[in-house]
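# Architecture at a glance
This is what each chain is made of:
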Amino acid sequence: MKKKKFNQNLTNELKRMKKVDQIAAYIPQGEYTKMSEIEWNSIKDSVFVTHQKRIEEIFNEFGFVGYDLAGKDGSDNFWVIVQHSDHLPKFQEKVLEEMKRQVDKENATPEYYGYLVDRVNINIGKEQVYGTQFDYNEFGQAFPKNITDTTGINARRISLGLTPMVERMNEMTLFHFEMNKEYFEEKGITQPKLYKTE
């Protein structure tokens, strides 16, 4: 297959999209904290719907955006928008198939392929393979969603360059605690409750 020509305009567009996506994907910051929950949710929905429509157009034109087309950052930014296109699980599945081909050619990020595998599985009611998608218990501890058989999960994670499961659970626990510090302190939880590591 012929190598794709690097596309600077697409790279720039994906960078802008990722920046807006990251604002919408997290809790309100700065001026957005003044909005009501309804206003904030309306903005988030608008961002995701607009991005999902555009990312489908990009995929239909170029296929999975690999390193050759937009560099590593551009490829990873494309993946982020697909990862957050949860209202379009069939589209995510199509992208996943093409992403696997690009990962095999070392033209896309293997770790992010694992994240998309799990995201798709969660969205269609299947179990995770790599344990990348999390929920949180009442103490704020992260645990992988919809996964019962964890046999070999660390080997699968490491094969893609992901950290071992317990390390990642602790990273996500710390992140969740910092994002919700006031809430946990009101409940008398003053520091994150981490899992024991060997």
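Our subject is the structure listed above.
A brief structural summary. (Residues numbered from 1 in each chain as written. Predicted model: local features only at pLDDT ≥ 70, side-chain atom pairs only at ≥ 80, totals over all residues. Heavy atoms only, no water.)

### Some points on unusual backbone geometry
Worth spelling out the cut-off: Helix and strand assignments come from DSSP, with helices taken as H or I runs of at least 4 residues and strands as E runs of at least 2, each series counted from the N terminus.
Positive phi is not limited to glycine here, since Glu-106 has a value of about 60°. Along the chain, Glu-106 falls in the loop between α4 (89-104) and α5 (110-123).

### Overview of the packing of aromatic side chains
The criterion, for reference: Note on aromatic pairs: the rings of Phe, Tyr and Trp (six-membered ring only in Trp) are paired at centre separations within 6.5 Å, and the planes decide the class, stacked below 30 degrees, edge-to-face beyond 60, tilted for the rest. Throughout this description, buried means an accessible area under 20% of the type-specific maximum (1.4 Å probe, protein chains only), exposed means over 50%, and partly exposed covers the range between. Both a distance and an angle decide whether a charge sits over a ring: NZ of Lys or CZ of Arg must be within 6 Å of the ring centre and within 35 degrees of the ring normal.
Enumeration according to the criterion identifies eight aromatic pairs in this entry. Both rings, one in Tyr-32 and one in Trp-40, keep their centres 5.3 Å apart while their planes meet at 55°; by these two values the pair is tilted. Tyr-32 gets classed as partly exposed once you look at its relative accessible area, which sits at 24%. Considering the side-chain rings of Tyr-183 and Phe-184, the 5.2 Å spacing of their centres and the 70° angle between planes classify their relative orientation as edge-to-face. The class of Tyr-183 is partly exposed, set by a relative accessible area of 47%. One aromatic cluster in this structure is built from Trp-79, Tyr-112 and Tyr-115. Over the ring of Phe-139 we find Lys-193, and its NZ or CZ is 5.9 Å from the ring centre.

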